[in-house]
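Remarks on the overall topology
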Amino acid sequence: MQNEAVGALPITVRNVTKRYGRVFALDDVSLDVRSGEFLTLLGPSGSGKTTLLMVLAGFTRPDRGSLKFGETEMIRKPPHLRDVGMVFQNYALFPHMTVAGNVGYPLRLRNTPKAEAESRVERALETVQLGGYGARRIDQLSGGQKQRVALARSIVFEPRILLMDEPLSALDKKLRDRMQIELRHLHEKLGMTTVYVTHDQREALTMSDRIAVVNHGRIMQLATPQALYDRPANRFVADFIGDSAFLPVTRSGDQVLLHGAPLKIGGSIPASGSLLLMIRPERVRLAGEETGEDVNRFEATVSEVVYQGDSYLLYARLSDGSEIGLRGPIREGTVAGLPKPGAQATLALAPEDAILIEDGDG
Ligand code: ADP
Ligand code: MG
């Protein structure tokens with residue numbers, strides 16, 4: 001659902017490195033953000049997400065590398081000349097100013113005439129559904145409203161690039177879920193090139209056109225949400241996004257063996273390296289009458305059954321001791337019909353759900 005606004009700009013990052021002492025906050029990062037795209041940097045705490053955003057915004061100068069917005073080299077440009085809107089995790093609002101005072105701040109920095117500034121502020125507030133809130137004081141607002149004010153301030157001067165650093169992490173879950181959808185709609189409406197930072201994989205999957213998974217200052221994989229989930233490039237990505245079990249498998253000619261038996265594989269086999277079979281809990285099933293012939297079957301012992309309201313989670317051990325999680329929907333009678341801990345069960349995995357990945361973090 002990309003929507004390229006007039007004036008949206010692609011971002012080109014090339015070989016950017018930033019060290020703090022011995023730590024490579026960014027380690028030779030190259031990245032292309034498409035014009036009008038919503039791209040998310042996803043990674044654990046300390047992986048370099050904020051540093052990369054600060055390089056884009058101009059608050060951090062990298063040791064090496066280049067950065068372009070469109071055709072223009074940006075590395076030497078100070079933040080206020082970059083035409084970038086920025087939203088921070090902690091809002092960074094001025095508590096002693098009104099809502100309108102905060103939202104209008106970037107316009108005052110740019111010497112926008114007063115009448116135009118006022119109409120822009122009101123328009124930005126309406127865009128984030130805070131029309132009429134201009135005279136309120138910041139300390140009279142809820143967390144969600146403060147975040148909207150910060151957002152209005154970041155878009156009021158109609159920047160061509162919008163950067164957001166974990167903007168929803170201070171909100172409770174319900175509000176966060178709603179704001180994710182709203183931010184997405186806002187992006188569709190305004191269409192500016194957006195780089196969004198989060199450590200929350202579900203948030204990244206919900207919002208993004210593409211996701212760059214970051215670890216130790218490097219980009220592990222850049223792909224659409226579905227491609228990342230279905231075809232992770234390595235174990236780090238597979239582990240970070242979704243739940244999965246990993247079973248070591250061996251190569252034998254053009255086949256792959258699990259515990260000596262050939263696996264039926266739908267997709268491709270990585271060309272090199274030691275291999276793991278990745279099993280997502282919602283893709284493996286208890287073998288039953290409806291299970292087709294052409295599936296992989298594993299004999300296992302049930303170790304745990306967990307009721308989770310909308311679904312159940314069943315853990316089962318294979319003969320080598322490795323554990324597989326299996327998630328299934330709960331319908332009338334499902335729970336009573338599940339095998340109990342200690343019982344034998346046959347697990348079924350379709351060839352297209354038998355995903356092979358390279359061991360290691362890429
Ligand atoms: P993230 O946003 O993914 O949590 P950061 O980009 O903030 O990660 O940090 C990446 C690494 O760089 C971390 O190891 C962090 O401690 C280090 N780092 C970031 N900023 C500084 C700084 N100003 N001084 C020293 N080390 C820093
Ligand atoms: Mg950070």
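A quick note: this is a predicted structure, and the numbers were derived from the prediction, not measured.

1. A few points about the pairing of strand β10 (residues 218-223)
- Where strand β9 (residues 210-215) and β10 come together, five bridges link them in antiparallel fashion. Its bridge partner being in β10, I211 is matched across the sheet by A223.
- Between β9 and β10, which pair antiparallel in sequence order, lie two residues; one of them, H216, sits at a positive phi of approximately 50°.

2. Concerning the sheet that holds β9
- The sheet built from six strands is open, its strands ordered β6-β7-β8-β3-β9-β10 with mixed pairing. This sheet does not close on itself; its edge strands, each paired only once, are β6 (84-87) and β10. Ignoring strand direction, the axes of neighbouring strands in this sheet form an average angle of 15°.
- Here strand β3 (residues 38-42) pairs with strand β8 (residues 193-198) via five bridges, running parallel. When the bridges of β8 are listed, L41 appears paired with V197.
- Relative to strand β7 (residues 161-165), helix α1 (residues 49-57) is tilted by about 150°, and along the sheet it contacts β3, β6, β7 and β8.

3. Observations concerning empty space enclosed by the protein
- One pass over the structure, following the stated rule, counts two cavities of 30 Å³ or more.
- Counted as a void, the largest cavity has a volume near 50 Å³.
- Looking at the largest cavity, the residues that line it are L151, I155, L162, M164, L183, L186, H187, L190, M192 and T194.
- The set of elements that each furnish at least two residues to the lining of the largest cavity consists of α4 (143-155), β7 and α5 (173-190).
- For the lining of the largest cavity, the class distribution of residues is eight nonpolar, two polar and no charged.
- Each pocket or cavity is described by its volume, and for the second largest cavity that value is around 40 Å³.
- What lines the second largest cavity is simply Y229, D230, M278, R280, R283, D353 and I355.
- Counted by class, the lining of the second largest cavity contains three nonpolar, no polar and four charged residues.

Rules of the game
- Residues numbered from 1 in each chain as written.
- Chains lettered and ligands numbered in written order.
- Predicted model: local features only at pLDDT ≥ 70, side-chain atom pairs only at ≥ 80, totals over all residues.
- Heavy atoms only, no water.
- Pairing = 2+ DSSP bridges.
- Helix = DSSP H or I, 4+ residues; strand = E, 2+ residues; numbered from the N terminus.
- Axes fitted to C-alpha atoms, helices over the stretch in contact; angles between N-to-C directions.
- Contact = heavy atoms within 4.5 Å.
- 1 Å grid on protein atoms, 1.4 Å probe; cavity = no way out; pocket = protein on both sides within 12 Å on 5 of 7 lines; lining within 4 Å.
- Points joined across faces, edges and corners; volume = space filled by probe spheres on them.
- Nonpolar A, V, L, I, M, F, W, Y, C, P; charged D, E, K, R; others polar.

Read these as geometric descriptors, not functional statements.
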